[in-house]
Amino acid sequence: MKFFIDTANLDEIAEARDMGILDGVTTNPSLMAKEGISGHENILAHYQAICDLVDDKVSAEVIATDFEGIIKEGQELSALSPKIVVKVPMIRDGVKAIKWFSDNNIRTNCTLIFSAGQALLAAKAGATYISPFIGRLDDISADGLQLIAQLIAIFDNYDFQTEILAASIRHPMHLISCAEVGAHVATCPLNVFQSLLKHPLTDIGLEKFLADHQKANG
Ligand code: E4P
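Description of the structure in this document.

Cut-offs used in this document
Residues numbered from 1 in each chain as written. Predicted model: local features only at pLDDT ≥ 70, side-chain atom pairs only at ≥ 80, totals over all residues. Heavy atoms only, no water. Axes fitted to C-alpha atoms, helices over the stretch in contact; angles between N-to-C directions. Helix = DSSP H or I, 4+ residues; strand = E, 2+ residues; numbered from the N terminus. Parallel < 35°, antiparallel > 145°, perpendicular 65-115°, else oblique. Contact = heavy atoms within 4.5 Å. Nonpolar A, V, L, I, M, F, W, Y, C, P; charged D, E, K, R; others polar. Expected span 1.5 Å × (residues − 1). Buried < 20%, exposed > 50% of the residue type's maximum accessible area, 1.4 Å probe, protein only. Arc of directions from axis to C-beta. Polar contact = N/O pair within 3.5 Å; in protein donor to acceptor, adjacent residues only side chain to side chain. Near = heavy atom within 4 Å. Areas by Shrake-Rupley, 256 points an atom, 1.4 Å probe, with all protein chains shown as cover. Phe/Tyr/Trp six-rings, centres within 6.5 Å; stacked < 30°, edge-to-face > 60°. Lys NZ or Arg CZ within 6 Å of the ring centre and 35° of its normal. Pairing = 2+ DSSP bridges. Right-handed = clockwise from strand over helix to strand, strands pointing away.

With their axes 8 Å apart at the nearest point, helix α5 (residues 92–103) and helix α6 (residues 116–125) run at an angle of 30° to one another. Accordingly, the angle class assigned to the pair α5 and α6 is roughly parallel. Of the residues in α6, those touching α5 at V95, I98, K99 and S102 are L121, A122 and A125. Of the residues assigned to the contact of α5 with α6, the class counts are five nonpolar, one polar and one charged.

With that out of the way, let us pick up helix α8 (residues 144–156). An ideal rise of 1.5 Å per residue puts 18 Å on 13 residues; α8 measures up with 19 Å between its terminal C-alpha atoms. Of the positions making up α8, those classed as buried are G144, L147, I148, L151, I152, I154 and F155. The buried residues of α8 occupy one face: seen down the axis, they fall within an arc of 165°. Buried residues belonging to α8 abut β5 (108–113), α6, β6 (129–132), α7 (134–139), β7 (163–166) and α9 (172–181). The opening residue of α8 is D143, an N-cap whose side-chain oxygen sits 3.2 Å from the backbone nitrogen of L145.

All right, on to unusual backbone geometry then. Although it is not a glycine, K57 adopts a positive phi angle of roughly 60°. By secondary structure assignment, the location of K57 is in the loop between α3 (40–53) and β3 (58–61). With relative accessibility at 18%, the residue K57 sits in the buried group. Positive phi, close to 60°, is recorded for S168, a residue that is not glycine. Among the structural elements, S168 can be located in the loop between β7 and α9. Of the residues examined, S168 reaches a relative accessible area of 11% and is grouped as buried.

Here we come to the side chain of T108. Relative to the helices and strands, T108 resides in strand β5. Judged by its relative accessible area of 0%, T108 falls in the buried class. Apart from residues no more than four positions distant in its own chain, T108 is found in contact with V85, V86, V88, I98, F101, G126, A127, T128 and Y129.

Before going further, it helps to examine the site of the ligand. Near the ligand, the surroundings consist of D6, T26, N28, K87, F133, R136, A167, S168 and R170. Contact between the ligand and D6: an oxygen atom at 2.7 Å from a side-chain N or O atom of the residue. At a separation of 2.6 Å, an oxygen atom of the ligand approaches a polar side-chain atom of K87. In the complex, the protein chains occlude 86% of the 350 Å² of accessible area that the ligand would expose alone.

So, about the packing of aromatic side chains. Within the structure shown, the criterion is met by six aromatic pairs. Where W100 meets F101, the ring centres are 5.6 Å apart and the plane angle is 80°; that geometry is what we call edge-to-face. Counting every residue linked through ring pairs, the aromatic cluster contains F155, Y158 and F160. Positioned above the aromatic ring of F67 is the side chain of K96, whose terminal nitrogen or guanidinium carbon lies 4.6 Å from the ring centre.

With that settled, consider the sheet that holds strand β8 (residues 185–188). Ordered by their spatial adjacency, eight strands build a closed barrel running β1-β2-β3-β4-β5-β6-β7-β8, and the pairing between neighbours is parallel. Pairs of neighbouring strands in the sheet enclose a mean axial angle of 30°, with direction left out of account. Alignment of strand β2 (residues 24–26) against β3, held across two bridges, turns out to be parallel. Its bridge partner being in β3, V25 is matched across the sheet by V58. In the packing of helix α4 (residues 67–80) onto the sheet, contacts are made with β3 and β4 (84–89), and the angle to β4 comes to roughly 160°.

Among the secondary structure elements, S81 is positioned in the loop between α4 and β4. From its side chain, S81 meets the backbone nitrogen of K83 in a polar contact 2.9 Å long.

Residue alternation in β8 divides its side chains into two sets, V185 and T187 and A186 and C188, and both sets are buried. Where β7 lies against β8, two bridges are found, and the strand directions are parallel. Looking at β8, one finds that L165 is bridged to V185. With α9 bridging β7 and its parallel neighbour β8, the resulting β-α-β unit is right-handed.

In structure tokens, the structure reads:
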């Protein structure tokens with residue numbers, strides 16, 4: 001299972017990278033705005049800074065919603081670095097653009113997936129990744145994890161190269177449940193990765209080991 005971090009914060013990306021568990025980064029326009037990044041040139045420079053921090057797989061989202069605009073923006077983003085994955089929304093022109101990018105060897109991440117039908121369309125168009133948003137489904141009393149399991153079952157029937165990238169993960173059990181059903185990738189905020197570390201018995205056990213060592217060794 002690959003771990004991506006879902007943030008545009010450079011310190012958080014460096015922290016996850018330094019833990020040694022990071023395979024990539026996902027961003028979106030809201031996460032970029034949260035970091036105060038605005039203006040075309042600043043946005044491109046920030047994606048470049050993210051690429052400088054990690055080995056590969058940096059999802060950078062287009063703002064355009066028409067085919068020509070998505071292609072133009074996606075080409076500009078992918079020219080920044082071979083690490084860029086162009087993030088494209090699940091809309092009609094987005095699907096067309098994913099097919100164009102796929103034919104031109106540009107990797108894509110189809111975002112805002114909320115149904116199996118949308119996932120199938122993106123996979124057929126040749127998306128490298130599809131991002132089903134599980135937390136946002138849970139927010140409206142639907143079952144986000146059930147969608148991940150459904151997509152794994154569907155993709156197992158065929159030879160799609162598309163990877164299922166579980167997104168909108170809000171807590172550690174979301175991540176564990178995605179791993180149980182076999183999601184290829186999970187993108188999470190830093191605090192979700194950090195909370196995987198914690199167990200009270202680990203803390204109690206370590207404290208005892210160190211105390212016993214101290215007693216025996218003075
Ligand atoms: C995925 O690529 C999105 O950036 C993200 O996971 C959305 O998460 P949210 O629903 O917590 O905003």
